[in-house]
Amino acid sequence: MKKTVATILVALLGAAGSAAAQSPADFPNKPMTYIIPFNAGGESDISARFQQSEWENVTGQQVVIQYQPGAGGAQAWSQLNSLPGDGYTIMGINMPHTVLQPLAGSVGYATEDLTPVHYFHYTPDAIFVRAESQFNTLGELIEYAKANPGLVTFAGSGSNSSNNLAAIRFNSQADVVTTYVPFSGTGPSITAVLGGSTMAGFNYATSGISQGDALRMLAVAAEERLPAFPDVPTFKELGYDIVGGAYRGVAVPTSTPEDLRQSISDIVSKINSQPDFVKKMEDGGFVLTDIGYDKMDDFVAKRVEEYTEGAKALGIIQ
């Protein structure tokens, strides 16, 4: 037993020493792995692909994207801290997913277990129907939903996600009963809308760019109309106080040293300022943010308070 314990301690100390030996001055000096907790084709994937094209320009090293979908992102986030904390493995992270999921039940992680180092963009929620839909306006959809309680189905990106929260708010404020159908990411949920598996989707506004004329956006949960969609009204314009969406960023295992956390945040921030990246993101309907590691504690604390209160008011938690 003593020998086993000693062996384990040596291994742990060796791993810690390896992580500590990596200096920010020469980081990174080999390719990095970027895990996306959703299927390919969604906003997390698209924005990571845009980052990937700039990664080598900024760092001199490539980043390899891997997918680990499941449980609306929870499968990957629950395993994040078991990964090496040497700075070479990073993971996409989303809010409010990582606040709402643990509040709603046991998902294998707690919000405070996760270590985000940078949030680099925001996407507002929006209601979509396919181009052939009978609904041309939000008013028409609401009228149908009132006459047919539960029959309107919304595809969305995961349970207890921003899409899910927006659908609950919509039901409450429009005084309707609709059915939210969670998928493992934006890609599969948009496929459901396009294929007619659901009557509509509570998705992110960026899907209006990627799908073009195949989808019709009825309303967007932003303070003002988006430049990319000047003809799409906001929910607020239509009399509903629904403003929200998803923040997306990069997280690391909690064993990652502070200096490497800051280095990764700096890399993401530099990519955020690259002209080609900015153009791709804005043309794609993304709203850039630059919330670095030095601002993270305050940012997360405010979002946790906001989403917790929203979850209580909407019945996600008691």
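Everything below is about the structure printed above this text.
Residues numbered from 1 in each chain as written. Predicted model: local features only at pLDDT ≥ 70, side-chain atom pairs only at ≥ 80, totals over all residues. Heavy atoms only, no water.

**Q** Would you mind going over the packing of aromatic side chains with me for this structure?
**A** Counted by the stated rule, this structure contains 14 aromatic pairs. Seen from their ring centres, Trp-77 and Tyr-109 are 6.2 Å apart, and the 70° between their planes marks the pair as edge-to-face. Taken together, the residues span a long stretch of sequence, with Trp-77 in helix α3 (residues 74–77) and Tyr-109 in the loop between α4 (97–104) and β4 (115–130) at a distance of 32 residues. We note that Trp-77, like Tyr-109, is buried. Each member of the aromatic cluster is reached from another via a ring pair, and the members are Tyr-119, Tyr-122, Tyr-247 and Phe-299. (Phe/Tyr/Trp six-rings, centres within 6.5 Å; stacked < 30°, edge-to-face > 60°. Helix = DSSP H or I, 4+ residues; strand = E, 2+ residues; numbered from the N terminus. Buried < 20%, exposed > 50% of the residue type's maximum accessible area, 1.4 Å probe, protein only.)

**Q** Looking at this structure, how should I read the packing of helix α2 (residues 43–59) against helix α9 (residues 258–272)?
**A** Helix packing for two helices is described by the angle between their axes and how far apart those axes are. Two numbers describe how α2 lies on α9: the axes approach to 9 Å, and their chain directions differ by 110°. Of the possible angle classes, the one that applies to α2 and α9 is roughly perpendicular. For the element pair α2 and α9, the recorded crossing hand is right-handed. In this structure, α2 contributes Gln-51, Glu-54, Trp-55, Val-58 and Thr-59 to the contact, and α9 contributes Ile-267, Val-268, Lys-270 and Ile-271. (Axes fitted to C-alpha atoms, helices over the stretch in contact; angles between N-to-C directions. Parallel < 35°, antiparallel > 145°, perpendicular 65-115°, else oblique. Left-handed = near helix turned anticlockwise from the far one by under 90°. Contact = heavy atoms within 4.5 Å.)

**Q** What's the story with the pattern of salt bridges in this structure? I'm lost.
**A** Any two side chains of opposite charge can pair, given that their charged atoms come close. A complete count under the given rule lists 7 salt bridges for this structure. Between Arg-49 and Asp-45 there is a salt bridge, with its nearest N and O atoms 3.5 Å apart. Of this pair, Arg-49 and Asp-45 both sit in helix α2, 4 residues apart, roughly one helical turn. You can call Arg-49 partly exposed: its relative accessible area is 34%. (Salt bridge = Lys/Arg side-chain N within 4 Å of Asp/Glu carboxyl O.)

**Q** I keep staring at helix α7 (residues 186–195) and nothing clicks. Help me out?
**A** In an α-helix there are 3.6 residues to a turn, and that puts residues three or four apart on one side. Along α7, the residues classified as buried are Thr-186, Gly-187, Ser-189, Ile-190, Ala-192 and Val-193. Immediately beyond the C-terminal end of α7, within one or two residues, lies Gly-196, with a positive phi of roughly 80°.

**Q** Explain the side chain of His-118 to me, please; I cannot follow it from the model alone.
**A** In this structure, His-118 sits in strand β4. In this structure the side chain of His-118 is engaged in a polar contact, spanning 3.0 Å, whose partner is the side chain of Ser-265. With near-sequence residues (within four places) excluded, His-118 lies in contact with Gly-249, Val-250, Ser-265, Val-268, Ser-269, Asp-290, Ile-291, Gly-292 and Met-296. (Polar contact = N/O pair within 3.5 Å; in protein donor to acceptor, adjacent residues only side chain to side chain.)

**Q** Looking at this structure, how should I read the environment of Gln-75?
**A** Secondary-structure assignment places Gln-75 in helix α3. Note on Gln-75: relative accessible area 36%, which makes it partly exposed. Distance from Gln-75 to Pro-37, taken between C-alpha atoms, is 7.4 Å for residues 38 residues apart in sequence. If we ignore the near neighbours within four places in the chain, the residues touching Gln-75 are Gln-68, Pro-69 and Gly-70. Polar contacts involving the side chain of Gln-75 include one to the main-chain carbonyl oxygen of Pro-69, which spans 3.5 Å.

**Q** Sorry if this is basic, but what is going on with the environment of Leu-165 here?
**A** In this fold, Leu-165 is placed in helix α6 (residues 162–174). Take Leu-165: its relative accessible area is 3%, and that puts it in the buried class. Between the alpha carbons of Leu-165 and Phe-277 there is a distance of 30 Å; along the sequence they are 112 residues apart.

**Q** Explanation requested: the pairing of strand β3 (residues 89–95) in the structure shown.
**A** By the criterion of burial, β3 is predominantly enclosed, with 7 of the 7 residues buried. Residues of β3 alternate between two faces, with Thr-89, Met-91, Ile-93 and Met-95 on one and Ile-90, Gly-92 and Asn-94 on the opposite face, all of them buried. Strand direction decides the pairing type here: strand β1 (residues 32–36) and β3, joined by 3 bridges, are parallel. The residue bridging Thr-33 from the neighbouring strand is Thr-89, located in β3. (Pairing = 2+ DSSP bridges.)

Remember that the coordinates give geometry; whether it matters functionally is a separate question.
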